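# Fold and contact review
So you can see what is in the structure, the chains are spelled out below.
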Amino acid sequence: MAALVGAGAGGGAGTPGPGARDLFAEGLLDFLRPAARQLDSHVHAVRESQVELREHIDGLATELCRIKEDQKAALDLDPYVKKLLNARRRVVLVNNILQNAQVGTSPSVRDTTTFRLWGWGSLR
């Protein structure tokens with residue numbers, strides 16, 4: 001604690017200097033970096049599965065339309081096609097949310113935004 005108080009040039013009594021802030025910021029980053037990387041990895045995996053799900057939904061909707069045209073029977077498949085397209089829309093929405101969340105966890109965004117907002121400056 002004594003190293004943080006008054007450390008660095010211009011640090012008054014009880015005020016950590018720039019060196020102490022940088023050290024604290026670096027330690028905090030080292031502590032949070034594994035969790036951020038794991039979260040980023042999980043978000044990436046979910047985004048990939050969302051894309052795959054969207055492709056399957058598109059294929060099912062196309063197949064239902066083809067069956068409807070081929071059968072020319074009293075089968076009303078329109079409600080099912082609409083449900084599939086609605087599900088596809090929700091998958092795309094979730095994918096967009098995940099993409100925005102992933103952008104928010106990228107290292108460049110953390111370094112240039114979060115630390116400056118807290119007044120810690122740049123870590124590099």
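Preceding this paragraph is the structure being described.
A brief report on the enclosed structure follows. What you see is a predicted model; the values in this text were computed from it and never measured.

Moving on to the environment of V51. Inspection of the secondary structure puts V51 in helix α1 (residues 18-71). Classification of V51 by relative accessible area gives partly exposed; the value is 27%. For V51 and N95, which are 44 residues apart along the polypeptide, the C-alpha to C-alpha distance reads 7.8 Å.

Okay, the pattern of salt bridges next. Pairing of side chains with opposite charge becomes possible as their charged atoms draw close. Inspection of every chain in the model, using the stated rule, returns four salt bridges. A salt bridge links R33 to D30, with the shortest nitrogen-to-oxygen separation between them at 3.0 Å. Here D30 and R33 lie together in helix α1, a separation of three residues that amounts to about one turn. Across the salt bridge formed by D70 and R66, the nearest N and O atoms sit 2.6 Å from each other. Here D70 pairs with R66, and both are found in helix α1, just four residues apart, close to one helical turn. The class for R66 is partly exposed, based on a relative accessible area of 41%.

Mapped onto the elements of the fold, N95 is located in helix α2 (residues 78-104). If we ignore the near neighbours within four places in the chain, the residues touching N95 are R47, Q50, V51 and R54.

On to α1. For α1, spanning 54 residues, the distance from its first C-alpha to its last is 75 Å, which sits close to the expected 80 Å at 1.5 Å a residue. By the largest-angle criterion, L32 marks the main kink of α1, which is about 40 degrees, and a proline, P34, follows within four residues. What α1 keeps buried is the set A20, A25, L29, A36, V43, Q50, I57, A61 and L64.

On the secondary structure map, R88 appears in helix α2. Separated by 33 residues in the primary sequence, R88 and E55 place their C-alpha atoms 8.7 Å from one another. Reaching out from R88, the side chain makes a polar contact with the side chain of D58 at a distance of 2.5 Å.

This part takes up the side chain of Q50. Residue position: Q50 is located in helix α1. Not counting the four nearest positions on each side in its chain, Q50 is found in contact with V91, V94, N95 and L98.

Before going further, it helps to spend a moment on the nonpolar core. I57, A61, L64, L77, V81, L84, A87 and V91 together form the largest nonpolar core, which totals eight residues. Counting residues per element, this core draws most heavily on α2, at four residues. Ignoring anything within four residues of it in the chain, the contact list for V91 reads Q50, L53, R54 and I57.

Thresholds, definitions, all that
- Residues numbered from 1 in each chain as written.
- Predicted model: local features only at pLDDT ≥ 70, side-chain atom pairs only at ≥ 80, totals over all residues.
- Heavy atoms only, no water.
- Helix = DSSP H or I, 4+ residues; strand = E, 2+ residues; numbered from the N terminus.
- Buried < 20%, exposed > 50% of the residue type's maximum accessible area, 1.4 Å probe, protein only.
- Salt bridge = Lys/Arg side-chain N within 4 Å of Asp/Glu carboxyl O.
- Contact = heavy atoms within 4.5 Å.
- Expected span 1.5 Å × (residues − 1).
- Bend = angle between axes of the 7 residues up to and from the residue.
- Polar contact = N/O pair within 3.5 Å; in protein donor to acceptor, adjacent residues only side chain to side chain.
- Core = buried A, V, L, I, M, F, W, Y, C linked by side-chain atoms within 4.5 Å.

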